[in-house]
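Topology and contacts: notes
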Amino acid sequence: MNLFDVYPLFDITPVKAEGTFIWDDKGTKYLDFYGGHAVISIGHSHPHYVKKLDEQISQIAFYSNAVKMPLQNLLAEQLGKLSGYTDYNLFLCNSGTEANENALKLASFHNGRKKVIAFKDSFHGRTSLSLGATDDAKLSANINKDHHVVFLPFNDVDAFKNAIDETTCAVIIEGIQGVGGINVPSLDFLRMLETECNKLGVVLILDEIQSGYGRSGKFFAHQHSAIQPHIITTAKGMGNGFPVAGVLIHPDIKAKHGMLGTTFGGNYLACAASLSVLEVIENENLISNAKETGNFIMTELKKMEGVKSVRGLGLMIGIETEGDANLIRKKLLQDEKIFTGFSSGKNTIRLLPPLNITIEEAQMFLNSINTILQQQLIPNT
Ligand SMILES: Cc1ncc(COP(=O)(O)O)c(C=O)c1O
């Protein structure tokens, strides 16, 4: 059997990883400024994470959600404490798209409505409802095309006020748009969304799958605006590579037995991984590290020739370049051995490194990108 060929691959085979570095099968060392798409939050193979997963797998790895699992309660308690959402309830699942799927379904259970408002350049996942709320027509097959979703321009107050009404079920927005090119919603826009949703009984869903878990310099990116959404979804950095996702739910949205469910969600290993991530984030002050190193990187990038604009917060950074961003990204990988991400629509390089990068590692990246940008500025002879 062959693999179903859906991924264009780099010709690199990683075999080992530690902190911010990855080694391939030829012994070449890479600096990881992408974290496997924002997944590596506390650094590769963090010793505390490895120890906790090791201990857990040797005790019990799995049983179904039909039994009591105190680790789930502990995770809910710790996540509530660190995020500030102590009175919310947690539903555990396995991936980002599944978290958004459950969030949208829950919104409709809550107010009985169907219409969803999403935004231009959004990405919320690749399954039914979350794909319906994703602004990328080429990802949808015919069977996916009957959703009740309206796409509005990002940060456009008038367009939003004209579109929302008492038939609207939910508004879904990323804390910071990731796949769409690192677009930060304005604080006033988020506050207006909160006010209008509350006025009309609409469920406000904040997708913090890429922007959450400390990456923006706050636990969740929307907390820069001090709003309180009804539902928050998380995944990626939550398990530092172990597949786990969560839906944080306002206490006004009531649970009923059988309303949501999953086989694997919240299993012992997922909880052990997620708990150890929270412990490391807290003990190593990774949220303030994300803010400080992120500010340092953004300040330095803004001084560089060849950089058109720098967008983002903390360690979620988009670099729009004068030259071809995809070519620069390829050169960073080939010549400088640095992994970064890319966003085609915005000619933007995306940085999503682990939250515990050091200033020295940040400086390594800055020196490398500066070298590549300067090469681009010299015309070919
Ligand atoms: C903001 C956002 N939401 C949802 C998803 C989907 O997550 P997953 O790939 O785990 O289903 C992603 C993945 O890139 C994302 O960036």
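Everything quoted here is computed from the prediction, not taken from an experiment.

What the chain contains, in helices and strands, is eleven helices and 15 strands. Dimensions of the chain, computed from the C-alpha atoms along their principal axes, are close to 65 × 55 × 45 Å. Taking all 381 residues of the chain together, the buried fraction comes to 48%. Relative to all contacts within the chain whose residues are 6 or more apart in sequence, the contacts with residues 24 or more apart total 74%.

By nearness alone, 15 residues border the ligand, and Ser-95, Gly-96, Thr-97, Ile-209 and Gln-210 come closest of all. It is helix H4 (residues 96-111) that provides the largest number of residues to the shell around the ligand, a total of three residues. Among the residues forming the shell around the ligand, the class breakdown is four nonpolar, nine polar and two charged.

Right, let's get into the domain arrangement of the chain. Examined at the domain level, the chain breaks down into domain 1 (17-42 + 285-377) and domain 2 (47-283). Counting from both sides, the interface comprises 24 residues of domain 1 and, opposite them, 28 residues of domain 2. At five residues, the largest contribution of residues to the side of domain 1 that touches domain 2 is made by helix H9 (residues 286-302). Residue classes in the side of domain 1 that touches domain 2 are distributed as twelve nonpolar, eight polar and four charged.

This part takes up the packing of H9 against helix H11 (residues 359-377). For the pair H9 and H11, interaxial distance at closest approach is 10 Å and the crossing angle is 25 degrees. Judged by the angle between their axes, H9 and H11 are roughly parallel. The handedness of the crossing between H9 and H11 comes out as right-handed. Of the residues in H11, those in contact with Thr-293, Phe-296, Ile-297 and Glu-300 of H9 are Ile-359, Ala-362 and Leu-366. In terms of residue class, the contact of H9 with H11 is built from five nonpolar, one polar and one charged.

Bringing the pairing of strand E8 (residues 203-207) into the picture now. Burial analysis of E8 places five of its five residues in the buried class, which makes it a mostly covered element. By the alternation rule, side chains of E8 split into Val-203, Ile-205 and Asp-207 and Leu-204 and Leu-206, which are all buried. Where strand E7 (residues 168-174) lies against E8, five bridges are found, and the strand directions are parallel. The residue of E8 that forms the bridge with Val-171 is Leu-204. Running through helix H7 (residues 187-200), the crossover from E7 to the neighbouring parallel element E8 is right-handed. In this structure, E8 lies alongside strand E9 (residues 231-234), joined through three bridges in parallel fashion. Looking across to E9, one finds that Leu-206 is bridged to Ile-232.

Take the sheet that holds E8 next. One open sheet accounts for seven strands, arranged E4-E10-E9-E8-E7-E5-E6; its pairing is mixed. Both edges of this open sheet fall to strand E4 (89-93) and strand E6 (149-152), since each of them pairs with a single strand only. For this sheet, the mean angle separating the axes of adjacent strands, direction not counted, is 20 degrees. The strands touched by H7 are E7 and E8; relative to E7, the strand with the most contacts, the crossing angle is about 160 degrees.

Thresholds applied
- Residue indices follow the written sequence of each chain, beginning from 1 at its first position.
- Under the rules for a predicted model, residues below a pLDDT of 70 receive no local features and side-chain atom pairs below 80 are neither given nor counted, while totals for whole chains, interfaces and linings still include all residues.
- Secondary structure elements follow DSSP: runs of H or I of four or more residues count as helices, runs of E of two or more count as strands, with numbering from the N terminus.
- Three exposure classes are used, all based on how many other C-beta atoms lie within 10 Å of a residue's own C-beta (placed from the backbone): buried at 20 or more, exposed at 12 or fewer, and partly exposed between those limits.
- Contact definition: two residues whose C-beta atoms, as placed from backbone geometry, lie within 7 Å.
- Here is the check we use: build the C-beta atom from the backbone, and if it is within 6 Å of the molecule or strand, call the residue near.
- Ten residues, namely Ala, Val, Leu, Ile, Met, Phe, Trp, Tyr, Cys and Pro, are considered nonpolar, four, namely Asp, Glu, Lys and Arg, are considered charged, and the remaining ones, Gly among them, are considered polar.
- What counts as a domain boundary in this text is fixed by an automatic or database domain assignment.
- Axes here mean lines fitted to C-alpha atoms, for a helix over just the part in contact, with angles spanning 0 to 180 degrees between N-to-C directions.
- Should an angle lie under 35 degrees it is considered roughly parallel, over 145 roughly antiparallel, and from 65 to 115 roughly perpendicular; all remaining angles are considered oblique.
- Handedness of each helix crossing follows the sense of rotation of the near helix against the far helix: counterclockwise by less than a right angle gives left-handed, clockwise gives right-handed.
- Two strands make a pair as long as DSSP finds a minimum of two bridges between them.
- With the strands aimed away from the viewer, a crossover counts as right-handed if its path from the first strand over the helix to the second runs clockwise.

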